[in-house]
Amino acid sequence: DTAVSQTPKYLVTQMGNDKSIKCEQNLGHDTMYWYKQDSKKFLKIMFSYNNKELIINETVPNRFSPKSPDKAHLNLHINSLELGDSAVYFCASSQVPATEQFFGPGTRLTVL
Amino acid sequence: DQQVKQNSPSLSVQEGRISILNCDYTNSMFDYFLWYKKYPAEGPTFLISISSIKDKNEDGRFTVFLNKSAKHLSLHIVPSQPGDSAVYFCAASPYTGTASKLTFGTGTRLQVTL
């Protein structure tokens, strides 16, 4: 049973397209996150939602929009994709109080 | 500005010996620290954590030490096993409330040789 799952695992698309990445957790956690790992392997937080409410919103272009339909799901929609958006995107979840976070397997996005 | 630093990009250790991975941080607001292990094409897996009120936490073969005055933490793995070969990330958070904003280091690749 996968605790935090992401789809798709790989995503290859053209510049200017709009794409979404889905994340689901079955751990019963209230808080979910999106992280970006760039080509230099830096893993940086982008967003966090607690029970469908935006809690953390880092300096991310507004082309990136997270959506949380319920506390078990946190999707990431990206408009007008750019070359620099190519990265691995990780979803994570945690309990409250937030201590350790549990990560999904990642989605490798390649923008051509 | 890198607030969490892992200055050793790689480390090679013989099976059965101790592996020591180091991490330094600059932000005095960090009060919760974690180590994650990552295999290729997988997400980071939580290993062990420590709160700033402690200086040591142990879980089986893994021990994390925290030196707040030096803003330094380390992960000890004893004995090291081939399955421990992976990239290890140090992470830190300023609080553990509704959401924890983890800041990660760039990782240390550990190779455990036979």
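Right, let's walk through the structure included here.

Parameters at a glance
- Residues numbered from 1 in each chain as written.
- Chains lettered and ligands numbered in written order.
- Predicted model: local features only at pLDDT ≥ 70, side-chain atom pairs only at ≥ 80, totals over all residues.
- Heavy atoms only, no water.
- Helix = DSSP H or I, 4+ residues; strand = E, 2+ residues; numbered from the N terminus.
- Buried < 20%, exposed > 50% of the residue type's maximum accessible area, 1.4 Å probe, protein only.
- Contact = heavy atoms within 4.5 Å.
- Salt bridge = Lys/Arg side-chain N within 4 Å of Asp/Glu carboxyl O.
- Polar contact = N/O pair within 3.5 Å; in protein donor to acceptor, adjacent residues only side chain to side chain.
- Nonpolar A, V, L, I, M, F, W, Y, C, P; charged D, E, K, R; others polar.
- Pairing = 2+ DSSP bridges.
- Core = buried A, V, L, I, M, F, W, Y, C linked by side-chain atoms within 4.5 Å.

**A word on the environment of Asp-31 of chain B**
Residues and elements named next belong to chain B.
Argument step 1. Along the chain, the position of Asp-31 falls in the loop between strand 3 (19-25) and strand 4 (32-38).
Argument step 2. Given a relative accessible area of 30%, Asp-31 falls into the partly exposed group.
Argument step 3. Once the C-alpha coordinates of Asp-31 and Leu-75 are considered, the two residues, 44 residues apart in sequence, prove to be 17 Å apart.
Argument step 4. Setting aside its immediate chain neighbours within four residues, Asp-31 contacts Ile-50, Ser-51, Ser-52, Ser-93, Pro-94 and Tyr-95.

**Notes on the interface of chain A and chain B**
Argument step 1. Tallying the contact residues gives 24 residues for chain A and 21 residues for chain B.
Argument step 2. Counting every contact that joins chain A to chain B gives 1 salt bridge.
Argument step 3. Residue Lys-101 of chain B pairs with Glu-58 of chain A through a salt bridge whose shortest N-O separation is 3.0 Å.
Argument step 4. Counting every contact that joins chain A to chain B gives 5 residue pairs in polar contact (both at pLDDT 80 or more).
Argument step 5. For the side of chain A that touches chain B, the elements supplying multiple residues, two or more each, are strand 4 (31-37), strand 5 (43-50) and strand 6 (53-57) of chain A.
Argument step 6. Of the residues in the side of chain A that touches chain B, the class split is 13 nonpolar, 7 polar and 4 charged.

**A few points about the pairing of strand 6 (residues 56-59) of chain B**
Residue and element names in this part refer to chain B.
Argument step 1. Relative to strand 7 (residues 62-67), strand 6 is paired through 4 bridges, and the arrangement is antiparallel. Looking at strand 7, one finds that Asp-59 is bridged to Phe-62.
Argument step 2. The antiparallel hairpin formed by strand 6 and strand 7 contains 2 residues in its connecting segment, where Gly-60 sits at a positive phi of about 65°.

**Description of the nonpolar core**
Inside soluble globular proteins, nonpolar side chains tend to come together where they are buried.
All names here are of chain B.
Argument step 1. Core analysis: the biggest nonpolar cluster contains 23 residues, and Phe-33, Trp-35, Leu-73, Leu-75 and Tyr-88 have the highest contact counts within it.
Argument step 2. Secondary-structure elements contributing two or more residues to this core are strand 3, strand 4, strand 5 (45-51), strand 7, strand 8 (72-77), strand 9 (86-93) and strand 11 (108-113).
Argument step 3. At 4 residues, the largest contribution of residues to this core is made by strand 9.
Argument step 4. In this structure Leu-75 touches Ser-19, Ile-20, Leu-21, Trp-35, Leu-47, Ile-48, Phe-62, Thr-63 and Tyr-88, once residues within four positions along its chain are discounted.

So far we have only geometry, and geometry alone does not tell us how the molecule works.
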